[in-house]
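Listed here are the chains, written in short residue letters.
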Amino acid sequence: MKRFRRHGQESQRDRLKQELFQFNKTVEHGFPHQPSALSFSPSLQLLAIGTHSGAIKLYGAPGVEFMGLHDENAAVTQVHFLPQQVELVTLLEDNSLHMWTLRAHQGLSELLEIGRFTLTGPPGAFPNVTRVTAVLAHSLGELLLLGTEGGHVFIVEVPGFRELEERNISLDQVANSVPEDYIGRRNLEHVEALQENPVDPNQVVIGYGRGLMVIWDLEKQCALQHIPATQQLESVWWTEDGRHLISSHSDGSYCRWAVGEGDESDEEEKSDIPYGHFPCKAITKIIQLPTQQGPPFLLFSGGMPRASYGDRHCITVIHGKTQIALDFTSRIIDFFVIKDGPQHTGDPSALVVLVEEELVVIDLQTDGWPVIQTPYLVPLHCSAITCSHHVSAIPLKLWERILATGDLQQTHYSKKPWPITGGQNLAPDPPQRDLLLTGHEDGTVRFWDASGVCLHPMYKLSTAGVFHTDTDPNDNMNQSTEGEWPLFRKVGCFDPYSDDPRLGVQKIHLCKYSGYLTVAGTAGQILVLELNDEAAEQTVEAKVVDLLQGQEGFRWKGHTRLDVREEPVLFPPGFQPFALVQCQPPAVITALNLHSEWKLVAFGTSHGFGLYDYQQKNSVLVKCTLNPSDQLAMEGPLSRVKSIKKSLRQSFRRIRRSRVSLRKHHVNNAAKLQEANARLEAELAEMELAPVQRKIEARSSDDSFTGLVRTLYFADTFLSDSSHNTPSLWAGTNGGCVFAYMLRIPPMEHRAEEGVAAQPAKEIQLMHRAPVVGIVVLDGHGAPLPEPLEVAHDLARSPDMQGSHHLLVVSEEQFKVFTLPKVSAKMKLKLTAIDGSRVRRVGVSWFSSSRTEDYGESGLVVLTNQGDLHVVSLPHVKMQVHYPCVRKEDVSGIASCVFTKHGQGFYLISPSEFERFSLSTRFVVEPRCLVEPPLHSAASQRRRQLDGASSPHRHVSTAAASLPSQPPPPLANLPVCPSPSRNPRQDAEDAESAARRVMEHALLNDEKVLQEIQKSLEGDQTLTMENNVKSAVA
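Residues numbered from 1 in each chain as written. Predicted model: local features only at pLDDT ≥ 70, side-chain atom pairs only at ≥ 80, totals over all residues. Heavy atoms only, no water.

**Quick look at the overall build of the chain**
Link 1 in the chain: Across its full length, the chain holds 13 helices and 62 strands.
Link 2 in the chain: By the burial criterion, 52% of the 1034 residues in the chain qualify as buried.
Link 3 in the chain: In the chain, the share of contacts with a sequence separation of at least 24, taken over all contacts with a separation of at least 6, comes to 59%. (Helix = DSSP H or I, 4+ residues; strand = E, 2+ residues; numbered from the N terminus. Buried < 20%, exposed > 50% of the residue type's maximum accessible area, 1.4 Å probe, protein only. Contact = heavy atoms within 4.5 Å.)

Structure representation (structure tokens):
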């Protein structure tokens, strides 16, 4: 009847959809995959991380996050903030430079790319001439010094990326100034390091790969001093007093050099190989920072003896007589030190280290140098994530108890607050408390605060203590061997190795009202746990459940079950196991559900499903769903796959049957075709045309894993007749079969004595035998039944038991509604037949209207194998909206997706990152933050002193790089203001500076003004400056 529907009804429904549904990818939680570069802005207090995939991510105070993505699919090799500004420069692997800025828009900051640049050498030059190897963002804020593989240093003006050719430092200039005895022995090689004199910004040191360091005067365009180191250079550090240079080298040594007026001070003042005279690895980076009262801090990465500790990733911290080698869990990318004070010139307070798999922050002002807990960038993949479970609207009491037990696990962390505090978090407080639980390969379950932008760790549960494993309970990562030198200290929590793969967590279910938790694993183990605020010593007895039910001819070829500890185990405060179910065969748990009001746990594997009463600790129901022809289900997940001979044999049989059928029907084919066409035309004339549908062939019952249980569902509904509701258990299998069991639950006063009984009530076999991925029972109003104990806590209305209930069965191919208790088909929505996709993940969500708080709808959220999201209305089962979300090639991302109760979702975009998305207009969690530029910039003051009447083209954005303009005069020829007192010339310079800022704003936001500026620059610049300012302001 769709063609008779009024147009007004359609438009009204479309408006309602706009008020209910809106798709957004909001934030990425976790640690960036494959980080490749690190930078820090002391003035903005922002941290920047670049990745191999070309992403750039900025982090400040908790909740302050920005992300950008380069168009080029190239790794970010370097990131540099421009001093005292909100711009930063990235260098990619393809040798391109990119300018980014934090621009305010409607009260919020946005990370935008405003320009890109690639060095171009003279015609016929080799590519290495302009291959950038070192970048120095000059403290003036307007210059970039680019050292190249060919040994040249190019000077580029920013943000316009205009090369100042007359100020470039060529290799020939440097080579001509080097003493003959040095240059005759070796080539200078590439530029390895560029550092600015902290005291005099006109001086920079150029470090070449073969060891030579040259102090260059930018104003005089000449070399002031040559430092001829003899070892391959790795890094250079200029001390804060400007008197010494510290160089680190490839042989594991570092040298201290005095900075003088000439080459008379070319001998090193101090040379040291900190870890002995045996061959050592290179010291890749070295830093020395003074303290107000005490010896300086010396920090360097690498330098370990190759034979003994060459496989370790270490940063050594030396302070006075204390020397510790911080041993990290993966390769070190980069590190920096944060200093105290409003101007960030005080004592070193924190060491920030980026390694391949995590970010570690060390407190340098507390005894023992403990680790500071990170509020974001937490490595979700400390152990590989195997499953996820989201719980919305956690009650405050349970939330506080989980936080309290989690705090007991954080005692080894520093009490200092998070040292990176840039930006303002303007996001409103979360409307509710949400938990994200992740199961891991090592048998742990981690609880995350998923209420806001930061995915903050709350508590970690380990299930390994219940079983016998190879791990040593006395093993402590932070303890080193007594008497060992150097003194190592393990830092970081990334540990990808599992003591036993059978410990891997596969399913999790938490009841937020009762505090009961079930955790199911790879070897058929199901643990039932309850929250306890005190430590307890207890024995966990295993209840073995035989899912094969004595069937003969089956032999399990997979892994064995885990050995349970028979002696009492001391469990710390938190979730403690009190019941254990062990499935036999010990196959992977594929479905799990908990009903805390009835005290029941349902579980399923590839062999069948069972029901366990965890109050009386006995088995209620066991059902074997194994197909007699399904031998593959007996081989386990880590065993051999189906024989290739069997596959080939089936293929040849299929081809042979098709050829025989073709020969049979070849005769009279034309006559039959005409008859079929006539019959088809008659049918089409009588019926309304339906959308084009694909032909879906029924799946064979001989397919592998048809008995695998995909979903389990508890419901209090009508099974026997329409007047008496009863508790029930529903199970859906991979072969398209749905089993329904009627449960008899004793009254509460007799629950401890009387047992729970289960008897089969219904069985549904879907026609196409598509796997059943979801089951939902709808009440008389068409609403999904509430969760257990939800009505008892007055958080949901009681389900309607007057009208007839309906059963919604979601298979991979379609959504089908049955009436209860007769179980007769009422309506269906085909998915695979329409667009060829299959349902992979499904969940029920509530969508509130953005226009009014009084209206909302329940919907079925579906993710397909094509990576598309669909919302299906309930109870009418009609498609509402459809959005592309995940790449269809990302099979692991699709499989990891989990939906929330309020229209949001999470899926893994890498082993260490969750992408968060929202389908709701009301519930959206995304960063809303503001970063303001520094008000009083020391760089701008130095710029006025050094530049004098600087070029009017400075501070022009990236579009100005292509404008015709005259190069500014060399720095040496610029007049210097002799007195800070006010004079007409200085007033004119300030007015000109203000005009430039207005021009920059107009240039970035108005194309017409850009054209006017370009025309004006070709004529009289002084006269047209005022006109441009007036037009920009207007």
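**Observations concerning the packing of aromatic side chains**
Both the distance between ring centres and the angle between the ring planes are used here to describe each pair of aromatic rings.
Link 1 in the chain: For the structure shown, the criterion picks out 23 aromatic pairs.
Link 2 in the chain: When the centroid spacing of 5.9 Å and the interplanar angle of 85 degrees are considered together, the rings of Trp598 and Phe714 count as edge-to-face. Taken together, the residues Trp598 in the loop between β43 (591-595) and β44 (600-604) and Phe714 in strand β47 (residues 709-718) connect sequence positions 116 residues apart. The residues Trp598 and Phe714 share a single accessibility class, namely buried.
Link 3 in the chain: One aromatic cluster is present, built from ring pairs that chain together Phe23, Tyr883, Phe899, Tyr907 and Phe917.
Link 4 in the chain: Lying across the ring of Phe335, Lys285 places its NZ or CZ 5.0 Å from the centre. (Phe/Tyr/Trp six-rings, centres within 6.5 Å; stacked < 30°, edge-to-face > 60°. Lys NZ or Arg CZ within 6 Å of the ring centre and 35° of its normal.)

**Concerning the pattern of salt bridges**
Link 1 in the chain: Overall, the coordinates contain 25 salt bridges when judged by the stated rule.
Link 2 in the chain: Close ionic contact of Arg116 with Asp71 constitutes a salt bridge, the shortest N to O distance being 3.2 Å. Of this pair, Arg116 sits in strand β9 (residues 108-118) while Asp71 sits in the loop between β5 (65-69) and β6 (76-81), and the two are 45 residues apart along the sequence.
Link 3 in the chain: Judged by relative accessible area, Arg116 falls into the partly exposed class, the value being 42%. (Salt bridge = Lys/Arg side-chain N within 4 Å of Asp/Glu carboxyl O.)

**Remarks on the nonpolar core**
Link 1 in the chain: Ile286, Leu299, Leu326, Phe328, Leu351, Val353 and Ile362 are the most contacted members of the largest nonpolar core, which has 36 residues in total.
Link 2 in the chain: Every element with two or more residues in this core is listed here: β22 (283-289), β23 (297-302), β24 (313-319), β25 (322-328), β26 (332-339), β27 (348-355) and β28 (358-363).
Link 3 in the chain: Sequence-distant contacts of Phe328, that is, excluding residues within four places in its chain, are made with His313, Ile315, Val353, Val355, Val360 and Val491.
Link 4 in the chain: By size, the runner-up hydrophobic cluster in this structure holds 33 residues, among which are Leu766, Leu778, Phe818 and Val872. (Core = buried A, V, L, I, M, F, W, Y, C linked by side-chain atoms within 4.5 Å.)

**Quick notes on the pairing of strand β56 (residues 856-864)**
Link 1 in the chain: The buried fraction of β56 amounts to 9 of the 9 residues, a majority that puts the element mostly inside the structure.
Link 2 in the chain: Of the two faces of β56, the one carrying Gly856, Ser858, Leu860, Val862 and Thr864 and the one carrying Glu857, Gly859, Val861 and Leu863 are both buried.
Link 3 in the chain: Pairing of strand β55 (residues 839-848) with β56, which is carried by 9 bridges, proceeds in the antiparallel orientation. Across the sheet, Trp846 pairs through a bridge with Ser858, a residue of β56.
Link 4 in the chain: Here β56 hands over to strand β57 (residues 868-873) after 3 residues, with Gly867 in that stretch at a positive phi of 80 degrees. (Pairing = 2+ DSSP bridges.)

**Some points on helix α5 (residues 396-408)**
Link 1 in the chain: Helix length check: α5 (13 residues) gives 19 Å between terminal C-alpha atoms against 18 Å at 1.5 Å per residue, within 8%.
Link 2 in the chain: Lining the buried residues of α5 we find β32 (435-440), β33 (444-449), β34 (456-462), β38 (525-532) and β42 (574-584). (Expected span 1.5 Å × (residues − 1).)

**A look at the sheet that holds β27**
Link 1 in the chain: Strands sit in the order β26-β27-β28-β29 across an open sheet of 4 strands; the sheet is antiparallel. One side of each edge strand has no neighbouring strand; the edge strands of this open sheet are β26 and β29 (371-372).
Link 2 in the chain: In the sheet, β26 pairs with β27 via 7 bridges, with the strands oriented antiparallel. The residue bridging Asp334 from the neighbouring strand is Leu354, located in β27.

**Re the confidence of the model for the chain**
Link 1 in the chain: In the predicted model, the chain carries a mean pLDDT of 84, and 79% of its residues have values of at least 70.
Link 2 in the chain: Predicted confidence is poor over residues 638-643, with pLDDT under 50, and the contacts of this stretch with residues over four places away or in other chains come to 11 contacts.
Link 3 in the chain: In the predicted structure, residues 937-1010 sits below a pLDDT of 50 and forms 104 contacts with residues beyond four places in sequence or in another chain. (pLDDT = per-residue confidence, 0-100.)

**A short note on unusual backbone geometry**
Link 1 in the chain: Between Gln584 and Pro585 the backbone carries a cis peptide bond, its omega angle lying at 0 degrees.
Link 2 in the chain: For Pro585, the position within the fold is in the loop between β42 and β43.
Link 3 in the chain: The step from Leu874 to Pro875 runs through a cis peptide bond, and the omega angle for that step is 5 degrees.
Link 4 in the chain: Counting through the fold element by element, Pro875 comes out in the loop between β57 and β58 (879-884).
Link 5 in the chain: Located in the positive-phi region is Lys617, a residue other than glycine, with phi close to 60 degrees.
Link 6 in the chain: Among the residues examined, Lys617 registers a relative accessible area of 45% and is labelled partly exposed.
Link 7 in the chain: The backbone of Val823 shows a phi angle near 55 degrees, a positive value even though the residue is not glycine.
Link 8 in the chain: Here Val823 shows up in the loop between β53 (814-819) and β54 (824-830).
Link 9 in the chain: Its relative accessible area of 19% is what places Val823 among the buried residues.

**Details of the sheet that holds strand β60 (residues 904-910)**
Link 1 in the chain: With antiparallel pairing, the 4 strands of this open sheet are ordered in space as β1-β61-β60-β59. Looking at which strands have only one partner, the edges of the open sheet turn out to be β1 (21-30) and β59 (898-899).
Link 2 in the chain: Bridge analysis of β60 against strand β61 (residues 913-920) gives 6 bridges, and the strand direction is antiparallel. Paired with Leu908 across the bridge in β61 is Phe914.

**With respect to the environment of Phe23**
Link 1 in the chain: Structurally, the position occupied by Phe23 is in strand β1.
Link 2 in the chain: Linking Phe23 and Pro884, residues 861 residues apart in sequence, is a C-alpha distance of 9.2 Å.

**Some thoughts on the side chain of His381**
Link 1 in the chain: Inspection of the secondary structure assignment puts His381 in the loop between β29 and β30 (385-391).
Link 2 in the chain: Judged by relative accessible area, His381 falls into the buried class, the value being 7%.
Link 3 in the chain: Excluding residues within four positions of it along the chain, His381 makes contact with Phe31, Glu357, Phe494, Pro911 and Ser912.

**Here we look at the side chain of Ser910**
Link 1 in the chain: In this fold, Ser910 is placed in strand β60.
Link 2 in the chain: Its relative accessible area of 9% is what places Ser910 among the buried residues.
Link 3 in the chain: Engagement of the side chain of Ser910 in a polar contact is seen with the side chain of Glu913, the distance being 3.1 Å. (Polar contact = N/O pair within 3.5 Å; in protein donor to acceptor, adjacent residues only side chain to side chain.)

**Let's talk about the environment of Arg489**
Link 1 in the chain: Looking at the secondary structure, you find Arg489 in strand β35 (residues 488-490).
Link 2 in the chain: Taking C-alpha positions, Arg489 is 8.5 Å from Phe328, a pair spaced 161 residues apart along the chain.
Link 3 in the chain: Side-chain polar atoms of Arg489 contact the backbone oxygen of Trp369, separated by 2.4 Å.

**As for the state of the cysteines**
Link 1 in the chain: Within this structure, the stated rule accounts for 0 disulfides.
Link 2 in the chain: As a non-bridged cysteine, Cys382 has Cys493 as the owner of its nearest cysteine sulfur, 3.3 Å distant. (Disulfide = S-S within 2.5 Å.)

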